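The lines below spell out each chain.
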Amino acid sequence: MQNDSVANVNDIASLGRIVVIIPTYNECENIKIICSGVREFAPSVDILIADDNSPDGTGLVADELARQDSQIRVLHRTQKNGLGAAYLAGFAWAKENGYDVVVEMDADGSHRPIDLPKLLIALVDADVSLGSRWVKGGEVVNWPLTRKILSRGGNLYTRLWLGMTMKDATGGFRAYRLSALEKMGLDDVQSQGYCFQVDLSWRATKSGLRIVEVPIVFIERTLGESKMSQDIVKEALLRVTRWGFDKRMSDFAALLKRKND
Ligand SMILES: Nc1nc2c(ncn2[C@@H]2O[C@H](COP(=O)(O)OP(=O)(O)OP(=O)(O)O)[C@@H](O)[C@H]2O)c(=O)[nH]1
Ligand SMILES: [Mg+2]
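Quantities reported herein were computed from a predicted structural model and do not represent experimental measurements.

Caption draft 1: Main features of the pairing of strand β1 (residues 18-24). Of all the 7 residues making up β1, 7 are buried; the element is thus mostly covered by neighbouring parts of the structure. Side chains I18, V20, I22 and T24 of β1 all project onto a buried face; the interleaved residues V19, I21 and P23 project onto the opposite face, where all are buried too. Where β1 meets strand β4 (residues 101-104), 4 bridges bridge the pair, whose relative direction is parallel. Bridge pairing in β4 links V19 to V102.

Caption draft 2: The site of ligand 1, seen in detail. Around ligand 1 there are 21 residues in total, and P23, A86, A107, S226 and K227 lie nearest to it. For the shell around ligand 1, the secondary-structure elements that each account for two or more residues are β1, β2 (46-51) and α4 (83-96). Its residues placed into classes, the shell around ligand 1 shows 8 nonpolar, 5 polar and 8 charged.

Caption draft 3: The arrangement of the sheet that holds strand β5 (residues 128-132) in detail. Ordered by their spatial adjacency, 7 strands build an open sheet running β3-β2-β1-β4-β7-β5-β8, and the pairing between neighbours is mixed. Two strands close off the open sheet at either side, each with one partner strand: β3 (72-76) and β8 (211-215). Neighbour to neighbour, the strand axes of the sheet diverge by 20 degrees on average, direction disregarded. Note that β2 and β3 share 5 bridges and pair parallel. In the sheet register, A50 faces β3, and the bridge partner there is L75.

Caption draft 4: The arrangement of the nonpolar core in detail. Counting 61 residues, the largest nonpolar core has V20, I21, I22, I47, I49, V103 and L120 as the members making the most contacts within it. Non-local contacts of I49, meaning those with residues more than four positions away in its chain, are made with I22, T24, I31, A62, I72 and V74.

Caption draft 5: Summary view of the packing of helix α2 (residues 31-41) against helix α3 (residues 58-68). Where α2 meets α3, the axes come as close as 10 Å, and the angle between the chain directions of the two elements is 35 degrees. With respect to the hand of their crossing, α2 and α3 are arranged in right-handed fashion. For the pair α2 and α3, the contacting residues are I31, K32 and C35 in the first and T58, V61, A62 and L65 in the second. Here the contact of α2 with α3 is composed, by residue class, of 5 nonpolar, 1 polar and 1 charged.

Caption draft 6: Quick look at the confidence of the model for the protein. Residues of the protein with pLDDT of at least 70 account for 97%, and the chain-wide mean is 94. Below pLDDT 50 for its whole length, residues 1-7 participates in 6 contacts with residues either more than four positions away or in separate chains.

Caption draft 7: View of unusual backbone geometry. Residues other than glycine seldom take positive phi values, yet N26 does so here, at roughly 55 degrees. Note on placement: N26 falls in the loop between β1 and α2. Take N26: there are 18 C-beta atoms within 10 Å of it, and that puts it in the partly exposed class. Backbone geometry places N142, a non-glycine residue, at a positive phi of 70 degrees.

Conventions used here
Residues numbered from 1 in each chain as written. Chains lettered and ligands numbered in written order. Predicted model: local features only at pLDDT ≥ 70, side-chain atom pairs only at ≥ 80, totals over all residues. Buried ≥ 20, exposed ≤ 12 C-beta atoms within 10 Å, placed from the backbone. Helix = DSSP H or I, 4+ residues; strand = E, 2+ residues; numbered from the N terminus. Pairing = 2+ DSSP bridges. Near = placed C-beta within 6 Å. Nonpolar A, V, L, I, M, F, W, Y, C, P; charged D, E, K, R; others polar. Axes fitted to C-alpha atoms, helices over the stretch in contact; angles between N-to-C directions. Core = buried A, V, L, I, M, F, W, Y, C linked by C-beta atoms within 7 Å. Contact = placed C-beta atoms within 7 Å. Left-handed = near helix turned anticlockwise from the far one by under 90°. pLDDT = per-residue confidence, 0-100.

See below:
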């Protein structure tokens, strides 16, 4: 990836202003590493750290990083409100500050900065590019079998029940054009945990956007604690099930209307 041709670098430049949003909650051991990786592999790209007042002082580490590097900014939020709310605040910040593209990226090292240019190059001919663990060339490192089954099973259910084509609708390493986010209508998003990613995949699909999947290598975190919980899985299962019913109801209503016209 380091050998990307000049053409590719120019392609990325054609996307306009890009910001990588990194939500953090207790990531003081990880945040510096991830920021330096992003700066190394995508030097023209800015970073916004969206911290929910982490008790471990991640916000202070982020402030120090921002002091040393004008391309790093920090959005301090008052309390832990979930990944989804942190991203929505980050998207609003990106819009206010004139960005054209936002990238979602975890702080915990699961998303490799070396894959970032690939994600951005794919966006040149798309509205949304999804880092995908479950397409050819994608991979997960250090996950127990149970976690793989959960992810693959969740994706299979989502794909069949909602009729979506993407193989990895739950992944959290992705890039959106701001124009795409605007078409997706995010005002009523309520999903909090990793369901937020499925929610946005679903909205992108319903909005008829051009979505591409890019193979990534996903590495389980080695530092800090996961925020994954049973509640997060339950939220995703319930919401996806409801969206599938809503879709069937509106398909049925459209069919009736056509018959009556
Ligand atoms: N601002 C903010 N960030 C959060 C919150 N919950 C999680 N995050 C961040 O979101 C990213 C993903 O969280 P993880 O704990 O790694 O969750 P996960 O990736 O679904 O789970 P694992 O695969 O087990 O790591 C990390 O950068 C977290 O610090 C939150 O409530 N607020
Ligand atoms: Mg993680």
